[in-house]
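Chain residues, written in single-letter form:
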Amino acid sequence: MARMPSAERRRQLVEAAIRAMTRDGVARTTTRSICSEAGVSLSVFHYCFDSKQALLEAAIEAITGNYVARVMSAVELRSTLRETVRGALQTYWDHVTAHPGEHMLTYDLTQYALREPGFEHLARAQYEQYVASAASLIEQVCVGRGIEPRVPLDLLARCLAAAIDGLTLQFLVLGDERAADALLDTTADQMVALIEG
């Protein structure tokens, strides 16, 4: 096995964990199966992470961080606030439809963390990260357009995170793309109404 910096090994294990958990579910994914997926020994896992809990936390951060980076880099100031917001929502949504298994994994991680004693804080951290990410996105859009939101940023962020969370889960269950598209339009309208007052 080639020597590799520990940060790179951690990244390799996180990516392997995401692949394994997406395929097999969180409860059935073991540290051994993650190591097998990554092509490393169990001792490498223990060198990089103190526990499976630490790896799950890193996986949640990686998944959410990737979504946020993708959306924020794609935020385009368009001719109206509504078009800008809808475009940002579409960037996120394109990932949902292209990678539904990864989005199912986020719900699986939440349920696992809530049910597994000692892991509850991971679910809280996951949803706090969703809200923080939504706040960053809203702030970027408002600054870019020179708008001061009429509703407190924290409330806007919680509304957006809740809407997207529910919309994503509904789509994963029902698979109705037309309904999802209409709900994205409605979500954009609601966000604009809240921002502009």
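Keep in mind it's a predicted model, so treat the numbers as computed, not measured.

Caption draft 1: Expanded view of the packing of helix α8 (residues 153-174) against helix α9 (residues 177-196). Running from N to C, α8 and α9 cross one another at 175°; their axes reach a closest spacing of 11 Å. In terms of axis orientation, α8 runs roughly antiparallel to α9. Residues Leu156, Cys159, Leu160, Ala163, Leu167, Gln170 and Phe171 of α8 touch α9, and the partners they reach there are Glu177, Ala180, Leu183, Leu184, Thr187, Met191, Leu194 and Ile195. A class-by-class count of the residues in the contact of α8 with α9 yields twelve nonpolar, two polar and one charged.

Caption draft 2: Quick peek at a nonpolar patch on the surface. A surface patch of nonpolar side chains, amounting to about 300 Å² of accessible area, comprises Leu169, Val173 and Leu174. Among the secondary structure elements, Val173 is positioned in helix α8. The exposure class assigned to Val173 is exposed, which follows from its relative accessible area of 62%.

Caption draft 3: Spotlight on the pattern of salt bridges. Evaluation of the coordinates by the stated rule reveals eleven salt bridges. In this structure, Arg23 and Asp24 form a salt bridge, with 3.2 Å as the shortest nitrogen-oxygen distance. With relative accessibility at 49%, the residue Arg23 sits in the partly exposed group. Using a relative accessible area of 25% as the deciding quantity, one classes Asp24 as partly exposed. With a shortest N-O distance of 2.7 Å, Arg86 and Asp185 are connected by a salt bridge. With Arg86 in helix α5 (residues 81-98) and Asp185 in helix α9, the pair connects residues that are 99 residues apart, well separated along the chain.

Rules used in this analysis
Residues numbered from 1 in each chain as written. Predicted model: local features only at pLDDT ≥ 70, side-chain atom pairs only at ≥ 80, totals over all residues. Heavy atoms only, no water. Axes fitted to C-alpha atoms, helices over the stretch in contact; angles between N-to-C directions. Helix = DSSP H or I, 4+ residues; strand = E, 2+ residues; numbered from the N terminus. Parallel < 35°, antiparallel > 145°, perpendicular 65-115°, else oblique. Contact = heavy atoms within 4.5 Å. Nonpolar A, V, L, I, M, F, W, Y, C, P; charged D, E, K, R; others polar. Patch = residues over 30% accessible without salt bridge, like charges linked within 9 Å, V, L, I, M, F, W, Y side chains within 5 Å. Areas by Shrake-Rupley, 256 points an atom, 1.4 Å probe, with all protein chains shown as cover. Salt bridge = Lys/Arg side-chain N within 4 Å of Asp/Glu carboxyl O. Buried < 20%, exposed > 50% of the residue type's maximum accessible area, 1.4 Å probe, protein only.

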